[in-house]
Every structure is written in C-alpha cells, then in structure tokens.
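So you can see what is in the structure, the chains are spelled out below.
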2 protein chains.
Amino acid sequence: MLAREGAAGASVRAIAAEAGVSPGLVGHYFEGVDALVAATYAHVGAQVDAALDAALEGAGDDPRARLEAYLTASFAPSIARGELLATWVAFWSLTASRHDIARQHDEQYARFRSRLEALLGECGVAAGRRRAQAIALTALVDGLWLELCLSPAVLSPADVARIVREHAGLTIRG
Amino acid sequence: MLAREGAAGASVRAIAAEAGVSPGLVGHYFEGVDALVAATYAHVGAQVDAALDAALEGAGDDPRARLEAYLTASFAPSIARGELLATWVAFWSLTASRHDIARQHDEQYARFRSRLEALLGECGVAAGRRRAQAIALTALVDGLWLELCLSPAVLSPADVARIVREHAGLTIRG
DNA sequence: GCACTTGTTGTACGAACGTCCAACAAGACA
DNA sequence: TGTCTTGTTGGACGTTCGTACAACAAGTGC
C-alpha cells in the first residue's frame with residue numbers, strides 16, 4: 001500500500017481490505033498503525049539485507065568482484081523494483097516525525113556502510129580512507145536508486161550498474 | 001509544515017494556523033490542497049535553482065572551479081538545511097500518486113543534469129561521456145543530501161563537500 | 001452615499017481516519 | 001459435553017480531514 005498509494009493511502013482500512021481481513025484485526029496484531037509501519041520497515045530492510053548477503057555469497061573470492069557484487073546487488077530486479085523504492089521513500093518521509101523509524105533507518109544504513117568498509121578493506125583500501133569512500137558509494141547507490149524510482153525513463157538498471165562499477169574502480173584506484 | 005510534520009501533518013488547517021489565516025483562505029488562493037503542494041514544490045525548486053545559479057555566478061572562469069562550485073552549492077547552509085531536505089522527501093513520497101508532482105520532479109532533475117553536462121563539457125569531458133557522468137554526480141549529490149538529512153550525526157556538510165569535490169576530480173580524470 | 005469588487009472569516013458538511021469493544025466462530029483441554 | 005483460549009468480525013466513537021459557502025470587512029469608482 002505504501003508503494004502504490006503513498007504514505008497517505010496506507011490507512012488501516014485500506015491495508016485490511018488489501019489483505020482480505022477486517023480492520024479490527026490490524027489492531028489485534030499490532031499496537032496501532034505506527035507499529036505496523038515500523039514492522040513493515042524492519043521486514044523490508046531484512047529482505048534487502050538478505051538479498052545483498054546472497055549476492056556476496058555467490059560472488060566468489062576475488063575482493064574486487066565481491067565489492068562490485070555487493071554494490072550492484074542493490075539494482076537487481078528484486079531490489080530495484082519501483083514498488084520497493086517507493087516504499088523506502090515513504091519511510092524516509094516518516095523519519096521527521098517518528099523517532100523509532102529514524103533509528104531503524106540509521107541502523108539499516110550503518111549496516112550497509114559497515115559491510116562496505118569491510119569490502120573496501122579487502123580491496124586494499126587504507127583504513128583511514130574506507131569510511132569516506134563507503135559514505136560516497138552508499139550515497140551514489142542511494143541516489144541512483146532514487147532516480148531509478150522517480151524517473152525510470154532516464155536511465156536503465158544496466159546503466160546504473162555500469163556507473164556504480166566504474167565509480168567503485170575509480171574509488172579504489174584513486 | 002512538510003519539513004516539520006511530514007506529509008501527513010501538512011493539512012489545510014495546520015498550514016492556515018501556521019500562516020495566521022483562516023482555513024478557508026487556502027481554498028481561496030489555491031484550487032485545493034493539491035495545487036498548494038505543487039506550488040510549494042515549484043517555489044522550493046526555484047529557490048534551489050537560484051542558489052545554484054548564484055554559486056556559479058561567483059565562481060569565476062576556471063571550468064573546474066565552476067563545476068565544483070555548482071556541485072558543492074547543494075550543501076551550502078541555505079540548501080542543505082534539514083528542513084529543506086525533509087520537504088523534498090515529502091515531495092518524493094507524493095510522486096507515486098501525483099503525476100503532476102512527478103513531472104515537476106523530472107523537470108527539476110533534467111535541469112540540474114543538463115547544467116552539469118554543460119559544466120563537464122567545459123572541463124573537457126568528451127560529449128559521449130557527459131551524460132553518464134552527470135547522472136552519477138547527480139546521484140552522488142542526492143545520496144549525500146539524503147544522508148545529511150536522515151542521519152546528520154554520521155557526516156558533516158564539510159565532509160560531504162570534500163567527498164563531492166574528490167569524486168568530481170576522479171570523474172573528470174577517469 | 002452607494003453599488004460593486006475583493007479579501008477574509010468562521011462554520012457546516014460529508015467522508016475518512018485510528019482506535020476500541022462487544023460479539024461470534026472454532027479449536028483445545030478436561 | 002462444557003469451559004477456555006484464541007482468532008476474527010463489524011460497527012460505534014470521537015477526531016480530523018478537504019471543501020463549500022454564507023457572511024462580514026474594506027477598499028474603489030461614480
């Protein structure tokens with residue numbers, strides 16, 4: 001519902017109707033609609049983490065290949081769906097007023113950046129430079145995510161993966 | 001109101017109360033709350049454009065300096081305010097269901113990217129490579145914007161400007 | 001002074017919201 | 001079979017939403 005109707009359309013009634021249950025059932029399983037939204041965020045975040053881990057799992061041993069696999073996994077069809085990106089945007093819009101959502105976001109990003117720093121270390125990047133590079137690559141991936149979601153006509157997933165791979169190379173060499 | 005309360009809190013009544021006028025006046029000047037939101041987007045977008053143009057104006061003649069000025073202007077105090085970033089996130093969350101907002105976003109980004117391509121051309125980047133590099137730098141700026149807004153504790157505006165400058169250099173040389 | 005446009009108010013209305021709760025369905029255990 | 005827990009329903013309640021509208025203030029041209 002968040003993806004299809006935006007944050008405004010994700011009401012208890014609409015969610016219950018979509019799920020084929022009564023509105024009251026939402027209140028039975030979640031302590032209010034806020035808790036449902038937070039749980040949804042956690043669920044989607046875990047799905048993304050799992051997909052990125054799986055990409056790393058199947059990337060072999062070459063450090064550079066592992067880094068590229070982790071970065072480009074964010075643009076795999078299962079992750080780069082406009083549906084999922086719209087969901088994240090809806091979450092971002094909630095961080096201003098919902099501190100628990102903001103905290104979940106911080107944790108999600110800290111996890112991604114931390115992994116990235118480790119992968120950069122495997123690629124021989126000096127310890128003192130890993131953090132800044134991880135921040136930059138995370139921002140690049142997020143920005144490309146955004147443009148894929150908001151302006152799909154402008155660039156293709158393949159373009160995006162190529163750009164990320166290229167910049168990862170520049171970053172490591174630079 | 002979008003920045004402080006999120007999209008959910010920007011109701012006609014709240015906006016009117018904030019402005020010190022009656023709720024009915026909003027309907028008098030705007031054809032419904034949707035038109036007000038679209039007008040706000042246009043207003044904020046124009047402010048950002050003006051600030052970026054001003055940065056370009058005062059950057060002198062050196063192509064590289066002009067590029068860096070344009071890119072880092074997005075992180076100037078007047079633009080990188082958490083308030084403004086939260087407003088943009090609220091707009092992004094509306095693009096899923098509001099086609100006019102989505103169109104306004106496309107135009108805003110096309111403008112930014114087009115300027116960037118011209119500046120990259122001034123820096124000697126080959127015509128065939130400008131578009132991809134402009135997309136990458138736009139994504140980098142957006143991603144860093146996002147992190148500044150959502151996790152201000154993680155990185156400072158100065159860090160962000162340095163990262164962008166560094167990547168612009170890598171991009172041009174690479 | 002008087003009609004007339006313009007700006008603004010406050011309220012009324014119907015719809016949708018989140019939450020709550022009495023009631024019903026149905027399997028579990030004695 | 002009878003009670004008890006669990007799952008689920010559907011509607012009631014009070015609130016807030018966007019919008020519409022009659023009414024009031026205030027300038028403007030004649």
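These numbers were taken from a predicted model, which means no experiment stands behind them. (Residues numbered from 1 in each chain as written. Chains lettered and ligands numbered in written order. Predicted model: local features only at pLDDT ≥ 70, side-chain atom pairs only at ≥ 80, totals over all residues. Heavy atoms only, no water.)

So, on to the overall build of chain A. What chain A contains, in helices and strands, is 9 helices and 0 strands. For chain A, the succession of helices and strands along the chain, N to C, is α-α-α-α-α-α-α-α-α. Principal axes of the C-alpha set define a box for chain A whose edges measure 55 × 35 × 30 Å. Relative to its full complement of 174 residues, chain A shows a buried share of 48%. Between the centroid of the 16 positive side chains of chain A and the centroid of its 20 negative side chains there is a distance of 4 Å. (Helix = DSSP H or I, 4+ residues; strand = E, 2+ residues; numbered from the N terminus. Buried < 20%, exposed > 50% of the residue type's maximum accessible area, 1.4 Å probe, protein only. Lys, Arg positive; Asp, Glu negative; His and termini not counted. Charge placed at Lys NZ, Arg CZ, Asp CG, Glu CD.)

On inspection of all chains with the given rule, the structure shows 21 salt bridges over all chains. Note that Arg129 of chain A and Glu166 of chain B form a salt bridge whose closest N and O atoms lie 4.0 Å from each other. In this pair, Arg129 of chain A is assigned in helix H8 (residues 127-150) and Glu166 of chain B in helix H9 (residues 157-173), connecting two distinct chains. For Arg129 of chain A, a relative accessible area of 36% puts it in the partly exposed group. With a relative accessible area of 35%, Glu166 of chain B lands in the partly exposed category. Each member of the salt-bridge network shares a partner with another, and the members are Arg129 of chain A together with Asp159, Arg162 and Glu166 of chain B. (Salt bridge = Lys/Arg side-chain N within 4 Å of Asp/Glu carboxyl O.)

In this section: the protein's contact with DNA strand D. Every residue close to DNA strand D is listed here: Arg13, Val21, Ser22, Gly24, Leu25, His28 and Tyr29 of chain A together with Ser11, Val12, Arg13, Gly32 and Val33 of chain B. Near-protein atoms of DNA strand D (within 4 Å) split between backbone and bases, with sugar and phosphate holding 52%. Here a base oxygen of DNA strand D and a side-chain polar atom of Arg13 of chain B are 2.6 Å apart. Only helix H3 (23-29) of chain A together with helix H2 (12-19) of chain B provide two or more residues apiece to the surface near DNA strand D. (Near = heavy atom within 4 Å. Polar contact = N/O pair within 3.5 Å; in protein donor to acceptor, adjacent residues only side chain to side chain.)

Close contacts around DNA strand C come from 13 residues, with Ser11, Val12, Arg13 and Val33 of chain A together with Tyr29 of chain B the closest. Counting only the atoms of DNA strand C that lie within 4 Å of the protein, the sugar and phosphate share comes to 51%. One of the side-chain nitrogen or oxygen atoms of Tyr29 of chain B is found 2.6 Å away from a phosphate oxygen of DNA strand C. Counting residues per element, the ones that place at least two in the surface near DNA strand C are helix H2 (12-19) of chain A together with helix H3 (23-29) of chain B. Looking at the surface near DNA strand C element by element, the count peaks at 4 residues for H3 of chain B. For the surface near DNA strand C, the residue count by class is 5 nonpolar, 6 polar and 2 charged. (Nonpolar A, V, L, I, M, F, W, Y, C, P; charged D, E, K, R; others polar.)

What follows deals with the interface of chain B and chain A. Counting residues at the interface gives 37 residues for chain B and 37 residues for chain A. With both sides pooled, the region where chain B packs onto chain A buries about 3,100 Å², and carbon together with sulfur makes up 65% of that total. Counting the surface chain B buries against chain A, the share from its top three residues, Ile135, Glu147 and Leu150 of chain B, is 17%. Where chain B touches chain A, the interface holds 3 salt bridges. Across the contact surface, chain B and chain A share 8 residue pairs in polar contact (both at pLDDT 80 or more). Elements that contribute at least two residues to the side of chain B that touches chain A include exactly helix H1 (2-5), helix H6 (82-94), helix H7 (99-122), helix H8 (127-150) and H9 of chain B. In terms of residues, the side of chain B that touches chain A owes the most to one element, H8 of chain B, which gives 14 residues. Considered class by class, the residues forming the side of chain B that touches chain A number 17 nonpolar, 11 polar and 9 charged. (Contact = heavy atoms within 4.5 Å. Buried area = accessible area lost by both parts, 1.4 Å probe.)

Below, the discussion takes up helix H5 (residues 63-72) of chain A. An α-helical turn contains 3.6 residues, so a residue and the one three or four places further along point in the same direction. Residue and element names in this part refer to chain A. Most of H5 sits out of view: 7 of its 10 residues are buried. Residues of H5 that are buried include every one of Arg66, Leu67, Glu68, Ala69, Tyr70, Leu71 and Thr72, and no others. In this structure, the buried residues of H5 make contact with helix H4 (33-57), helix H7 (99-122), H8 and helix H9 (157-173).

The next thing to look at is the confidence of the model for chain A. Chain-level pLDDT for chain A is 90 on average; 99% of the residues reach the 70-or-more range. The lowest-confidence element of chain A is helix H6 (residues 82-94) of chain A, averaging 76 in pLDDT; the highest-confidence one is H5 of chain A, averaging 96. (pLDDT = per-residue confidence, 0-100.)

Trp88, Trp92 and Leu144 of chain A together with Trp88, Trp92 and Leu144 of chain B are the most contacted members of the largest nonpolar core, which has 101 residues in total. Non-local contacts of Trp92 of chain A, meaning those with residues more than four positions away in its chain, are made with His105, Tyr109 and Leu146 of chain A together with Val89, Leu146 and Leu150 of chain B. (Core = buried A, V, L, I, M, F, W, Y, C linked by side-chain atoms within 4.5 Å.)

Time to look at H8 of chain B. Relative to the 34 Å expected for 24 residues at 1.5 Å per residue, H8 of chain B spans 35 Å between its end C-alpha atoms, a close match to the ideal helical length. Most of H8 of chain B is tucked away, with 18 of its 24 residues classed as buried. (Expected span 1.5 Å × (residues − 1).)

This part takes up the side chain of Glu147 of chain B. Relative to the helices and strands, Glu147 of chain B resides in helix H8. Those residues within four positions of Glu147 of chain B in sequence are excluded, and the remaining contacts are Tyr109, Arg113, Ile135, Thr138, Ala139 and Asp142 of chain A together with Pro152 and Leu155 of chain B.

Turning our eyes to something else, we now look at the side chain of Gln133 of chain A. Residues and elements named next belong to chain A. Secondary-structure assignment places Gln133 in helix H8. For Gln133, a relative accessible area of 5% puts it in the buried group. If near-sequence neighbours (up to four positions away) are discounted, Gln133 is found in contact with Leu120, Val125 and Thr171.

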